[in-house]
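Commentary on secondary and tertiary structure
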Amino acid sequence: MSDVTVFAPSPTLTVTVEDHPFGAEIHVHAGGQGVWQARMLLRLGLSVTMCSVLTGETGRVLRHLLQDEGIAVSAIDREGRGSAYVHDRRAGERVSIADEEGDPIGRHDLDELYGMTLKEALASRVVILSGPSGESALPSDTYRRLAADLRDTDAAVVVDLAGERLAAAIDGGVDVLKVSHEELLQDGLISNVSTHEILRAMRALRDRGAAVVVVTRSSDPLILLDESGFLEVRPPQLQVADTHGAGDSLVAGMAGGIARGDTARAAVELGAAAGALNITRHGLGSGDREAIIRLREKVTSRPIADEQSADIEQPVTGRVSPDGLAALADPEDER
């Protein structure tokens, strides 16, 4: 049994070239949205099972890398071209040398993956539905079906999706939906990035089937909507090394808090702290558990009473939820 099951249909083998005083330094890691979420969950002291299709040579390497990190792997093995990329970061910015999203997942393998995910979900507190590496990896309706079937389990369903996959998951019904304001704009759910438009879209998403909606807004405070209304959440402002994976760390922190018994409002503070720490590092989904817990004390929040008062400046005061802090700060050694 794992605390959290992550549906990660096609993880990515990542090869990154860094600068080194004596030449190039080459890093090989497992990557992709679900992997970064699983990695952060491990950092927070939770157990994780990742449900995936592992393809070809890259898939065989990925299995070993994931297991070496402590992630339990429940996977379908198949031949073909797996998802992978090679990035050059020697000049300070990421330059893509090669990107391969891999072969689409066939019907029989997808059926096996679907059943495997349901089985693992029955023994977990939270299930995260993450996206694949490419647009053609699997049908978007898979997310609707999974979300709907998972409602009959005791696990909370958390999703971080966009486009057709987001729409499909909401149709199935989810407990927590995280989306960025850029994705809302790209999907035509908002006409501009004003707070008024974002709040309107969040209400619509909640009406459609997302019990809790969280919208990230780049460097601006994120916004949460639940049955009690809107909440603006401001993480501590830290120096940025790499913004990649910050949203995935946020989702992982929220899922971890919910798995520990936090409310969504308490869990989003842990997620905000995890996302804030992630941007200070080059390792995606990485961070120190004790640092995240301490940063959580620096997260501030304020209610947004209604759309008319959303843009009015109000004092920001700190609020720290005690729920789950003792469990998260247990003395278990970090991997």
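Residues numbered from 1 in each chain as written. Predicted model: local features only at pLDDT ≥ 70, side-chain atom pairs only at ≥ 80, totals over all residues. Heavy atoms only, no water.

Applied cut-off: UniProt positions are given in the numbering used here, feature names are shortened, and annotations may be inferred rather than shown by experiment.
The name recorded for the protein in an unreviewed UniProt entry is Phosphofructokinase, from Microbacterium ulmi. Taken directly from UniProt, the Sequence similarities (unreviewed entry) text for the protein runs: "Belongs to the carbohydrate kinase PfkB family."

1. A word on the pairing of strand β14 (residues 300-304)
Using the following cut-off: Residue exposure (1.4 Å probe, protein chains only): buried if accessible area is under 20% of the type maximum, exposed if over 50%, otherwise partly exposed. Numbering of helices and strands runs from the N terminus, with a helix taken as a DSSP run of H or I at least four residues long and a strand as a DSSP run of E at least two residues long. Strands pair, by our definition, only if DSSP identifies at least two bridges between them.
Across the 5 residues of β14, 4 count as buried, placing the element largely inside the fold. Two strands pair when backbone bridges link them, and strand β13 (residues 229-234) and β14 are joined in this way by 5 bridges, in the antiparallel orientation. For Val233, the partnering residue across the bridge sits in β14 and is Ser301.

2. Remarks on empty space enclosed by the protein
Rules: Only protein atoms enter the 1 Å grid used here. Points where a 1.4 Å probe fits but cannot escape make up a cavity, open sets with protein on both sides within 12 Å along at least five of seven lines make up a pocket, and a residue lines them when an atom lies within 4 Å of a point. Grid points are joined across faces, edges and corners, and a volume is the space filled by probe spheres set on the points. For this scheme, ten residues count as nonpolar: Ala, Val, Leu, Ile, Met, Phe, Trp, Tyr, Cys and Pro. Four count as charged, namely Asp, Glu, Lys and Arg, and the remainder, Gly too, count as polar.
Summed over the entire model, instances satisfying the criterion amount to 1 cavity of 30 Å³ or more. Estimates place the volume of the largest cavity at around 100 Å³. Sorting the residues of the lining of the largest cavity by element identifies β4 (48-55) and α2 (56-69) as the ones contributing at least two each. Taken together, the residues of the lining of the largest cavity break down into 7 nonpolar, 7 polar and 4 charged.

3. Details of the nonpolar core
Short version of the rule: To form a nonpolar core, buried Ala, Val, Leu, Ile, Met, Phe, Trp, Tyr and Cys residues must be joined to one another through side-chain atoms within 4.5 Å. Residue contacts are counted whenever heavy atoms from the two residues lie within 4.5 Å of one another.
Counting 50 residues, the largest nonpolar core has Val6 and Leu41 as its most contacted members. Broken down by element, this core gets its largest block of residues, 8 residues, from helix α9 (residues 264-278). Not counting residues up to four positions away in its chain, the partners in contact with Leu41 are Val4, Val6, Leu46, Val48, Ile128, Ala252, Ala255 and Gly256. Among the nonpolar cores identified, the runner-up in size contains 43 residues, and Leu113, Met116, Ala169 and Val215 belong to it.

4. Some details on unusual backbone geometry
What is expected of a backbone is that most residues other than glycine have negative phi and most peptide bonds are trans. The backbone phi angle of Ser218 is positive, close to 55°, even though this residue is not glycine. Turning to its location among the elements, Ser218 is positioned in the loop between β11 (210-217) and β12 (220-226). The exposure class assigned to Ser218 is exposed, which follows from its relative accessible area of 61%.

5. What about the packing of aromatic side chains?
As a reminder of what qualifies: Put simply, two rings from Phe, Tyr or Trp (the six-membered ring, in Trp's case) pair if the centres are within 6.5 Å, and we call them stacked under 30 degrees between planes, edge-to-face over 60, tilted for the rest. Any Lys NZ or Arg CZ that is within 6 Å of a ring centre and within 35 degrees of that ring's normal is treated as a charge sitting over the ring.
Applying the stated rule across the entire model yields 1 aromatic pair. Between the NZ or CZ atom of Arg145 and the centre of the ring of Tyr114, over which it lies, the distance is 4.2 Å.

6. Things to note about the environment of Ala24
With respect to the secondary-structure elements, Ala24 resides in strand β3 (residues 23-31). The exposure class assigned to Ala24 is partly exposed, which follows from its relative accessible area of 48%. Along the chain, Ala24 and Arg89 lie 65 residues apart, while their C-alpha atoms are 10.0 Å from each other. Not counting chain neighbours up to four residues away, the residues in contact with Ala24 comprise Val17, Glu18 and Arg90.

7. Looking at the environment of Leu122
Inspection of the secondary structure puts Leu122 in the loop between α3 (107-121) and β8 (126-129). The exposure class of Leu122 is exposed, given its relative accessible area of 64%. Along the primary structure Leu122 and Thr153 are separated by 31 residues, whereas in three dimensions their C-alpha atoms are 6.0 Å apart.

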